[in-house]
Amino acid sequence: MHQLLQALHQKLAAQGQGPEGLLGADKPISYRTKPPASIHRELLGVCSDPYTLAQQLTHVELERLRHIGPEEFVQAFVNKDPLASTKPCFSDKTNNLEAYVKWFNRLCYLVATEICMPAKKKQRAQVVEFFIDVARECFNIGNFNSLMAIISGMNMSPVSRLKKTWAKVKTAKFFILEHQMDPTGNFCNYRTALRGAAHRSLTAHSSREKIVIPFFSLLIKDIYFLNEGCANRLPNGHVNFEKFLELAKQVGEFITWKQVECPFEQDPSITHYLHTAPIFSEDGLYLASYESESPENQTEKERWKSLRSSILGKT
């Protein structure tokens, strides 16, 4: 018994290092204005190859997934609603889940920040095209969570309103990726691609083909609705084994996917940048966007004036 308890404490201690370290990495300053030149670097200066960045994003994803255990899904859905913004579904027992969701949100804002930061539209267009290529490589790898975060960041209003920038971008590849992650039909296209990646993983001849990183928010919603939408017992009082078998299947698939060893060599300088690079707040993104391309209507003009007054102290 003593040995069992000792082993359990070691296991819990190892898991406990995960969320604290990962959550701590999600606390860089969120700038409302452009950060000082002394600390600001651009991602393209750290990594200019889309495939390399996609590989490093996959490193980060698998490292964070590694700490999430099946018990956290159970804890997350005990009398809680993961879809209600006023009632978060996380607790002290779901720190790893929370850290992973925060990572997704950070990546969205990092993408938007990198696009809105350059002063010249040619440079902004270059960053947009770079992220389109990164997203495509993520899709090819099977890293759907980073893919969705990149697309979400590029679709944020401060980015999507940059019409002069987008006019210089070859958008065909982006539209294809958007189509793959289109929420229409309960993410029908994405689910088809996920099944393809899962099948490839089962028949893989190399470690690279084993990678499947699902769009995590959708996975949580699927498990939540399966748990809440189906009764635990049938009308005759018997246990609803079909429900629990499906739950076990979905969580079991996730556990298999998260245990895959990342086959790519880690580049500490790139992963450090992904974790610690300053990002704009939402107001900071809008201000940078308006400073780059002037407001087009009265509503935007009023918001720009308000942001300049509150953030820059200008009228």
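This text goes with the structure placed above it.
On a predicted model such as this, the values are computed, not experimentally measured, just so you know.

Q: Whenever I open this one, the overall build of the chain confuses me. Can you help?
A: Assigned secondary structure in the chain consists of 16 helices and two strands. Every one of the 315 residues in the chain was classed for burial, and the buried ones make up 44%. Contacts spanning at least 24 positions in sequence make up 77% of the contacts within the chain whose residues lie at least 6 apart. Only carbon and sulfur atoms are counted for the fraction: they give 53% of the accessible area of the chain, which is about 16700 Å².

Q: How do you make sense of empty space enclosed by the protein when you look at a structure like this?
A: Unoccupied space between atoms shows up once a probe the size of one water molecule is rolled over them. As enumerated under the stated definition, the model contains two cavities of 30 Å³ or more in all. In this structure, the largest cavity is lined by Glu42, Leu43, Leu44, Glu114, Pro118, Val127, Phe130 and Phe131. Of all the elements, helix H6 (residues 121–141) adds the most residues to the lining of the largest cavity, at three residues. Grouping the constituent residues of the lining of the largest cavity by class yields six nonpolar, no polar and two charged. Space inside the second largest cavity adds up to approximately 30 Å³. Leu43, Leu53, Leu57, Leu107, Leu110, Val111, Phe131, Val134, Ile150 and Leu274 are the residues that line the second largest cavity. Of all the secondary structure elements, the ones that give two or more residues to the lining of the second largest cavity are helix H3 (50–65), helix H5 (95–116) and H6. The biggest single contributor to the lining of the second largest cavity is H5, with three residues. Residues that form the lining of the second largest cavity fall into these classes: 10 nonpolar, no polar and no charged.

Q: Is there a simple way to explain the pattern of salt bridges in this structure?
A: Think of it this way: side chains of opposite charge can pair up when their charged atoms draw near. Here the structure, examined in full by the defined rule, presents 10 salt bridges. Among the ionic pairs, Arg124 bridges to Glu293, the shortest N-O distance being 3.4 Å. In this pair, Arg124 is assigned in helix H6 and Glu293 in the loop between helix H15 (282–292) and helix H16 (298–312), connecting sequence segments 169 residues apart. Judged by relative accessible area, which is 1%, Arg124 ranks as buried. Between Asp133 and Lys173 there is a salt bridge, with its nearest N and O atoms 2.7 Å apart. Here Asp133, found in helix H6, pairs with Lys173, found in helix H10 (residues 172–180); they are 40 residues apart in sequence, far enough to count as distant.

Analysis parameters
Residue positions are given per chain, counting from 1 as you read along its sequence in written order. Confidence filtering applies because this is a predicted model: local features only for residues at pLDDT of at least 70, side-chain atom pairs given and counted only at 80 or more, and all residues used for totals across whole chains, interfaces and linings. Values reported for side chains reflect all heavy atoms of the structure, with hydrogen atoms and water molecules removed beforehand. Secondary structure is summarised from DSSP: a helix means a run of H or I of at least four residues, a strand means a run of E of at least two, and numbering begins at the N terminus for each. The buried label applies to any residue whose accessible area, calculated with a 1.4 Å probe on protein chains only, is under 20% of its type's maximum; exposed applies above 50%, and partly exposed to all values in between. By definition, residues are in contact when any of their heavy atoms lie within 4.5 Å. For every accessible area listed, the method is Shrake-Rupley and the probe measures 1.4 Å; residues are considered covered only by the protein chains on display. Cavity: a set of points on a 1 Å grid over the protein atoms alone where a 1.4 Å probe fits but cannot get out. Pocket: an open set with protein on both sides within 12 Å along at least five of seven lines, its lining residues, like those of a cavity, having an atom within 4 Å of a point. Grid points are joined across faces, edges and corners, and a volume is the space filled by probe spheres set on the points. Gly is placed with the polar residues, together with every amino acid not listed as nonpolar (Ala, Val, Leu, Ile, Met, Phe, Trp, Tyr, Cys and Pro) or charged (Asp, Glu, Lys and Arg). Think of a salt bridge as a Lys or Arg side-chain nitrogen and an Asp or Glu carboxyl oxygen that are within 4 Å of each other.

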